[in-house]
Amino acid sequence: MIAAAILLAATATAQVPERCRVYQRQITTDAHTVFGLSAPVATLAAQIHQESGCRATAMSPVGAQGLAQFMPATAKDMARLYPSQLGPADATNPNWAIKAQARYMRDLTRATPGRTECDTWAFGLAAYNGGLGWVRRDQAACRAPCDADSWFGNVEVTADPR
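Computed from a predicted model, the values in this text were never measured in an experiment. (Residues numbered from 1 in each chain as written. Predicted model: local features only at pLDDT ≥ 70, side-chain atom pairs only at ≥ 80, totals over all residues. Heavy atoms only, no water.)

Draft legend 1. Layout of the packing of helix α3 (residues 24-35) against helix α4 (residues 41-52). It is the contact of α3 with α4, at a shortest axis distance of 9 Å, that shows an interaxial angle of 125°. Accordingly, the angle class assigned to the pair α3 and α4 is oblique. The handedness of the crossing between α3 and α4 comes out as right-handed. Of α4, the residues touching α3 (which contributes I27, T28, A31, H32 and F35) are V41, L44, A45 and I48. Across the contact of α3 with α4, the residue classes tally to 7 nonpolar, 2 polar and no charged. (Axes fitted to C-alpha atoms, helices over the stretch in contact; angles between N-to-C directions. Helix = DSSP H or I, 4+ residues; strand = E, 2+ residues; numbered from the N terminus. Parallel < 35°, antiparallel > 145°, perpendicular 65-115°, else oblique. Left-handed = near helix turned anticlockwise from the far one by under 90°. Contact = heavy atoms within 4.5 Å. Nonpolar A, V, L, I, M, F, W, Y, C, P; charged D, E, K, R; others polar.)

Below, the structure is given as structure tokens:
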């Protein structure tokens, strides 16, 4: 049994991309600090990997910066909302970005409750990526032609007014 646990741990570690391993402990610590013991550590880590490839110097074509790809205005908002936990906005600082990402995802998942935990996280991740306003707009569009509980699988058939 111990050998199986060691093998499983080695396999799990092997699946963490090398570039991301350096942030693994901090992501875990900050996730538990913000969400508690049942923190979605793997989800937050995967989000950082998806956003930046775990590159602290990542810069998107639209101006998002750092590991967690914060837009400058969002980074300033997070620093304003959590001054004692985050200090001044510094999206390119990995320590700041990981702390801010956990808090921002907590705020977004609270603001976008779904019928299931999966729905809540899908709404939260969509809000992180495109903004809470876009999620609210899509939810409103879904209410007219479809049941809000079946937002997924229906909202993409609603024409984008842009």
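Draft legend 2. Just the packing of aromatic side chains, in detail. What the rule picks out here adds up to 5 aromatic pairs. Where F35 meets W121, the ring centres are 5.8 Å apart and the plane angle is 40°; that geometry is what we call tilted. Highlighted residues: F35 in helix α3 and W121 in helix α8 (residues 117-130), separated in sequence by 86 residues. Look at F35 and you get partly exposed, because its relative accessible area is 22%. Judged by centre distance (5.6 Å) and plane angle (70°), the rings of F70 and W96 are edge-to-face. On the criterion of sequence distance, the pair formed by F70 in the loop between α4 and α5 (72-81) and W96 in helix α7 (residues 94-111) is long-range, its members being 26 residues apart. The buried category is assigned to W96, whose relative accessible area is 4%. (Phe/Tyr/Trp six-rings, centres within 6.5 Å; stacked < 30°, edge-to-face > 60°. Buried < 20%, exposed > 50% of the residue type's maximum accessible area, 1.4 Å probe, protein only.)

Draft legend 3. How the structure looks around the nonpolar core. Among the nonpolar cores identified, the biggest contains 34 residues, and L67, F70 and W96 are the most heavily contacted of them. Those elements that provide at least two residues to this core are α3, α4, α5, α7 and α8. Once you skip the residues sitting within four places of it in the chain, W96 turns out to touch F70, A75, M78, A79, L86, G87, P88, A89, D90 and A91. (Core = buried A, V, L, I, M, F, W, Y, C linked by side-chain atoms within 4.5 Å.)

Draft legend 4. Structural context of unusual backbone geometry. Unlike most non-glycine residues, C54 shows phi in positive territory, near 60°. By secondary structure assignment, the location of C54 is in the loop between α4 and α5. On the basis of relative accessibility, which here comes to 3%, the residue C54 falls in the buried class. Phi at Q69 takes a positive value of approximately 55°, unusual for a residue other than glycine. Considering the arrangement of structural elements, one finds Q69 in the loop between α4 and α5.

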